[in-house]
Structure formats: structure tokens, C-alpha cells
Amino acid sequence: MATKRKRGWYVNYLPALIAFPLFVLVTFLNEYQISLNAQQSAKQVLEYQSKTLIEALDYLKNDQPNRPLDYDKVIDALSRNTENRVSIISSAGQLLGDSHLSSSALTASSDLLSKPELQFAKENLRGYSLRFDPVTSTTLRFLALNQGDYLFRIGRDYRLEQHAVVEQRYNYLPVYLLLFLATSIGGYFFVSWINLQLTLRYQRLKEKIQKQTTELLLLQEFGTLLTLSKSIADIEQVLGKFAQMLLYHDAGVISIIRSSRNLAEIKIKWGLDSFFATPHYPLDACWALRKGYVHPQGPYDKLIRCDHDEVEQSNIICIPLVSQGETLGVMHISRESTMDEFDDNDRKIATSLAEQVALSVANLQLRENLRDQAIKDSLTGLYNRRYFSETIEKEIARAQKMKMPLALLMLDIDHFKKLNDSFGHDAGDAALREFGILLNDIVTAENIACRIGGEEFVLMLTDTDEQQAIEFSHHLLANIRQLKIINNGTSIGQITASIGVALSPKDSTQADVLVSLADKALYHAKNNGRNQAVFYHDMTSSTITD
């Protein structure tokens, strides 16, 4: 049962972690904007009030040009309905009037031009400052204006700005809450989406790893079974089972190049029988053999299709079987559906299969070559004495078990020493070679032909009674006399052979005894004129001559 993966801690806490810094950032920016707006508003109020008061002062001065203006009384009258502190200072720095100071206190004020707002006004005609005012015992925002013959200054309580900031904060509170909620909810869904994408990616990676692990295990088991295969039939059985599990396809074929290097023969087939109806094809017919690497082909492929491909509306991939630099054959894999093309992963798996098969085929061929070298005669291609000694007891035992007769024929080429002396050893080798070819052609797959030394040969004919042995011996002697052996352009003439025959179980059921009896019959044939076959149990009545 699949277990549900636990969500990470970030799914529960990350939305809040995302929302809180954003909320703090927006709050800080908004707070700065509110303070800036309150400051601008306060400056606008000061500008407006100062303009109104200055216009009033100018009007009074122009209305009574010959009468000196009592600035203190005028200031007191004009600022009676406001809490702002209004002051008029001469250009020399003398306080001429102040809404919060008595007449006696005006003369006591000194060093007014050292105030920052007045310094700015003297230099730039206008100056602002925010500072603590000892007269009103509160913090005021001052505005000073240079009017030429006097400096006009007005101060507004800073607490009014703070009240305005608080009011704006209350106005923005719903916006803050909505922003926080939107950020939290958006962050939750965003993190949930991230978690979903990570989960899907994890599942895809997990499935990919599981698939690759399964493929590796199958390839390992496939390689192990191929290593243990002792024949082409074993390889065919392993391929038929594992190839379909590793790679989806409808049919497959393994073709092995002949030793003559002119044709590739179909040795292994699995899947649909209709794939590769031809038993062999020339090497030039496959582009994979020409190129030396994988050759894919499909119905819409721009690549050239191989000549051995009889079904054009299919997807086929051809992979050369190469082992230790030698091309042994080709593996062909087919998909009947035109929509199922071989992708890169399919090609990798197919290449891995081909590499394993190539190694197994190379091992089989090497094993076969070593076995042939151990049990076959290099000159005639017949089995040697070692193989004969290992096989005769098994064949006699099998014949007894199956209750079948067996005939053992010992052969010796007549006057072979004379042939060697007359024409040379090359001619003798040529005669032995042709004699071996004849024996290979005349015996069936169930029978065994061996060269046991020099010009001596032996045949084991299974399921052969006396009458069949007589007929076979007659046929064999006739074929030997028809041999035409030519060495270096010179005919060495006709050759003949003598044959000694022993039957099992009629003469004996023991291998060494049966060989001895056939050998005695052979000597009897040679001592009585050669070119004949003699049966041991009746050395006279069963003698076959011309």
C-alpha cells in the first residue's frame, strides 16, 4: 500500500513567512508616505497662513504710511484665533512682535538670527525647521520668510502633524489587513503549487529510477543466462523471453555471418513468423553492416531502408553484433505499428541486448572452434581418434538401450604408402582430404565418421543391420573407386579401400572387442586382395568385391 508523503514544514509556515516581510515592507513604505504627506500638508498650511498674515501686514502698512506700525499689537490681533506662534523680526535680528510674548519680553529676546529657519530665510528667502520651542514648551514646525525689511516667522504645533498621521493610519488599516490576507492566501497557494510540482517531479524521478533499476536487473539476468547458454537454441530461448520484457516489439531476428563472409544466415527468430521470411541475405543488403552502427528505419524515415526489409510500413532497427572488433552478424527488431517509433532509450536497450548477444555468440563460436580443434582432424575435417574413443561406448550403450543394431566399419586406403612414394606427401594429403570429403558426404547426421590415424578410418552406423551394412559398404566402395584426385595438375589415378565390418550386438556389445573384431576383418580384407568389405562373423560369405 502506497504511503502518502508528508508535506514539508514550509507548506504550513512559508506563507506566513512570505506574508510577514511583505507586510512589514509595505507598512514601512506606507508609514513613510503618510509622514511625508503630513509634513507636506503642514507646510502648505504654514504657507497659506503666512501669506494671509503678510498680506494683512502689507495692507496696514500701506494704509497708514506715515504712522509707524506697532507690529506686536498687529500680530496679537491677527493671531488671536490661532494657536500658531507668529513672530516678526527685523533684518538686524530684533524681535518686533510675537503672538506669545509680552511687550516687555520682546526687548529681552536676543540672538534670534541664530535660529536655523531664520538663517535659511536670510540666505534663501525661505527657511524651514522642526525644533523644540522654549516659549511654548512644545515642538513646532517653523516657516520663515524674508520680506526685505523684516523677517516673518510662523510656527505650527508638531502634534497636529502627528494627529494627522494617526488618522491616516486608521484609514489605511483595512488596506493593511486585506494586503496581509491576500499575501497569506496567495503565499499558501503558491507554496502548495510548488509542493505539487516537487511531488510530481519526485514521482517521475522515482518511476524513472524504478524502471532503470528493473531494466538493469533484467539485463543482468539476461547476460547471466546468455553466458550459460551452450547453443544457439539456448540463446533463442533466452532472447524470446527477455527481449520482449526489456523492449516492446513484435518480432526479432538474429542473423550470423557465414565464415565465407558473403551471406548472413538467419539463426534465431522470435515473435511474428512473417518477419524475415528469407533464410539469408547478402551483407550489402543491410545498412547497419555497411555503417558499423545502429540503423533505424521507419515508414516516414528519411534514412535509406535496408534491402532485406520486405515490409516497408513498419519500424525496424538493425544493430550490428560486434565482439572484439569483429562483426559477427546483425540483430533486427521490428514493430508492426507505424506509430511506435524507436526512441533513444529503446536504441540504448537494443544496443545493450545486441552487445550481450554478440558476446555470447562469440563465446559459442570460440567454444565450437576449440572443440573442433580438440575432436576433429584438421586435414580431413573428420572426427579424430579421441572423439571416437569417447563416443563408441556411448553409441553402443544407446543402441542396446534402444534395442537397435549398430555397424562398425574400419577402412584403410589400399597401397597408400606406394602412393606417397610415387607422387609425394602432397598427393597423399590430397587423397586423404578427398577421402574425408567423401565420407562426410556419404554418412548421415546420425552416423559418425572418424580418422583414427594415417590412412585408417572408422565409421559408426547407428540403427544399421547386416543387410543395410552390406548395401552401404557396396555403395561406399563404388564411390571410392570413382574418386578423381588431382594434385598440382597431375592425376594420381584411381584409389581403392579395404573395409572390415563388425556388428553389435551380433558380434559383440563391448566397444574394445567390437573394434578389435572389425580390425581383424579389415586385415582379412587386405590379405585377400583388398578393395573389398569383410564382415567378421562370416569373413567369406559376406565379402564384397567388384
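Our subject is the structure listed above.
Per chain, residue numbering runs from 1 following the sequence as it is written. Totals for whole chains, interfaces and linings use every residue, but because this is a predicted model, local features are given only for residues with pLDDT of at least 70 and side-chain atom pairs only at 80 or more, for both listing and counting. Only hydrogens and water are set aside when side-chain values are computed; all heavy atoms of the structure are taken into account.

A. Spotlight on the overall build of the protein chain. Of the regular secondary structure elements, the protein chain holds 13 helices and 18 strands. For the protein chain, the C-alpha radius of gyration of 59 Å lies well beyond 24 Å, the compact-globule estimate for 546 residues. Going through the 546 residues of the protein chain one by one, you find that 41% of them count as buried. A contact between two residues is defined here by any heavy atoms of the two lying within 4.5 Å. Restricting to contacts in the protein chain with at least 6 residues of sequence separation, those with at least 24 account for 57%. Per element, the accessible surface of the protein chain, about 31000 Å² overall, is 53% carbon and sulfur. Here a strand is any run of E in DSSP of at least two residues, a helix any run of H or I of at least four, and the numbering for each starts at the N terminus. The size measure is the radius of gyration over C-alpha atoms, and the globule rule it meets is 2.2 Å times the number of residues to the 0.38 power. Each residue gets one of three labels from its accessible area relative to the maximum for its type: buried under 20%, exposed over 50%, partly exposed in between, using a 1.4 Å probe on protein chains only. A 1.4 Å probe and the Shrake-Rupley method give the accessible areas. Residues count as covered only by the protein chains that appear here.

B. Focus on the packing of helix α5 (residues 158-228) against helix α8 (residues 344-375). In this description, a line fitted to the C-alpha atoms serves as the axis of each element, helices being fitted only across the stretch in contact, and the angle between N-to-C directions of two axes falls anywhere from 0 to 180 degrees. Two elements in contact, α5 and α8, have axes separated by 10 Å at closest approach and are oriented at 15°. The angle between α5 and α8 falls in the class roughly parallel. Helix-helix and strand crossings are classified by hand; for α5 and α8 the assignment is right-handed. Of the residues in α8, those in contact with K211, E215, L219, F222, G223, L226 and T227 of α5 are N345, I349, S352, L353, Q356, V357, S360 and R367. Split by residue class, the contact of α5 with α8 holds six nonpolar, six polar and three charged. Roughly parallel covers angles under 35 degrees, roughly antiparallel covers those over 145, roughly perpendicular covers 65 to 115, and oblique covers all other angles. We call a crossing left-handed when the near helix sits turned anticlockwise from the far one by less than a right angle, and right-handed when that turn is clockwise. When residues are grouped by polarity, Ala, Val, Leu, Ile, Met, Phe, Trp, Tyr, Cys and Pro land in nonpolar, Asp, Glu, Lys and Arg in charged, and all others, Gly among them, in polar.

C. Structural detail: the sheet that holds strand β4 (residues 138-146). Ordered by their spatial adjacency, five strands build an open sheet running β2-β1-β5-β4-β3, and the pairing between neighbours is antiparallel. With partners counted over all chains shown, the strands left at the sheet margins are β2 (95-98) and β3 (126-133), one partner each. Ignoring which end each strand starts from, the neighbouring axes of this sheet average 20° apart. Bridge analysis of β3 against β4 gives eight bridges, and the strand direction is antiparallel. From the neighbouring strand, S129 faces β4, where its bridge partner is F142. Sheet contacts for helix α4 (residues 116-124): β1 (85-90), β3, β4 and β5 (150-157); angle to β3, the most-contacted strand, approximately 175°. Here, a strand pair is defined by DSSP locating no fewer than two bridges between the strands.

D. Geometry of the sheet that holds strand β11 (residues 326-335). Pairing is antiparallel in the open sheet, where six strands are placed in the order β8-β7-β6-β11-β10-β9. Of all strands in the sheet, those with a lone pairing partner are β8 (280-282) and β9 (295-297), marking the two edges. Averaged over neighbouring strand pairs, the angle between their axes works out to 25° when direction is ignored. Taken together, the nine bridges between strand β10 (residues 315-323) and β11 define a ladder with antiparallel strand orientation. Along β11, the bridge assignment pairs V322 with T327. Set on the sheet, helix α6 (residues 232-246) makes contact with β6 (251-257) and β7 (263-271); between it and β7 the angle comes to about 50°. Sheet contacts for α8: β6, β9, β10 and β11; angle to β10, the most-contacted strand, approximately 40°.

E. How the structure looks around the nonpolar core. Grouped together as the largest cluster of nonpolar side chains are 35 residues, with contacts concentrated most on L409, L411, F435, L439, L459 and L476. Contributions of two or more residues to this core are made by β12 (406-413), α10 (416-423), α11 (425-442), β14 (456-462), α12 (466-481), β17 (497-504) and β18 (533-535). It is α11 that provides the largest number of residues to this core, a total of eight residues. Those residues in contact with L411 that sit more than four places away from it in its chain are F435, L439, E455, E456, F457, V458, L459, L476, I480, S498, I499 and L522. Listed in part, the 32 residues of the second largest apolar core include L218, I319, M331 and V357. Buried Ala, Val, Leu, Ile, Met, Phe, Trp, Tyr and Cys residues form a nonpolar core when they are joined through side-chain atoms within 4.5 Å.

F. Focus on the pairing of β10. Across the nine residues that make up β10, a large majority, eight, are buried. One ladder, built from three bridges, connects β9 with β10; its direction is antiparallel. The partner of H295 across the bridge, within β10, is C318. Between the end of β10 and the start of β11, which pair antiparallel, lie two residues, with Q324 showing a positive phi angle near 55°.

G. Highlighting the side chain of S90. With respect to the element layout, S90 can be found in strand β1. On the basis of relative accessible area, S90 is assigned to the buried category, the value being 13%. Those residues in contact with S90 that lie beyond four places of it in its chain are L96, D149 and Y150.

H. Quick peek at a negative patch on the surface. Two distance rules govern patches: like charges are joined within 9 Å, and nonpolar side chains (Val, Leu, Ile, Met, Phe, Trp, Tyr) within 5 Å, applied only to residues with over 30% relative accessible area and no salt bridge. The term salt bridge refers to a side-chain nitrogen of Lys or Arg lying within 4 Å of a carboxyl oxygen of Asp or Glu. Working convention for charge: Lys and Arg count positive, Asp and Glu count negative, and His plus the chain ends are omitted. Taken as the charge location is NZ of Lys, CZ of Arg, CG of Asp or CD of Glu. On the surface, a cluster of negative charge is made up of E446, D463, D465 and E471. The residue D465 is located in the loop between β14 and α12 in this model. By relative accessible area, which is 35% here, D465 ends up partly exposed.

I. Just the side chain of T138, in detail. Structurally, T138 is set in strand β4. Overall, T138 belongs to the buried group, its relative accessible area being 12%. Polar contacts involving the side chain of T138 include one to the side chain of D157, which spans 3.4 Å. Those residues in contact with T138 that lie beyond four places of it in its chain are R131, F132, D133, D157 and R159. Two N or O atoms count as a polar contact when they lie within 3.5 Å, although within protein this holds only if one can serve as hydrogen donor and the other as acceptor, and sequence-adjacent residues are included solely when both atoms are side-chain atoms.

J. Region of interest: helix α2 (residues 71-78). All of the buried residues in α2 are Y71, D72, V74 and I75. The buried residues of α2 all sit within an arc of 165° when viewed along its axis, so they share a single face. Our arc is simply the arc of the directions from the helix axis toward the C-beta atoms.

K. Region of the structure containing a nonpolar patch on the surface. Taken together, the side chains of F180, L181, I185, Y188 and F189 present a nonpolar region at the surface, about 500 Å² in accessible area. Relative to the assigned elements, I185 resides in helix α5. Residue classification places I185 among the partly exposed positions, given a relative accessible area of 48%.

Everything listed is a geometric property; what it means functionally is a separate question.
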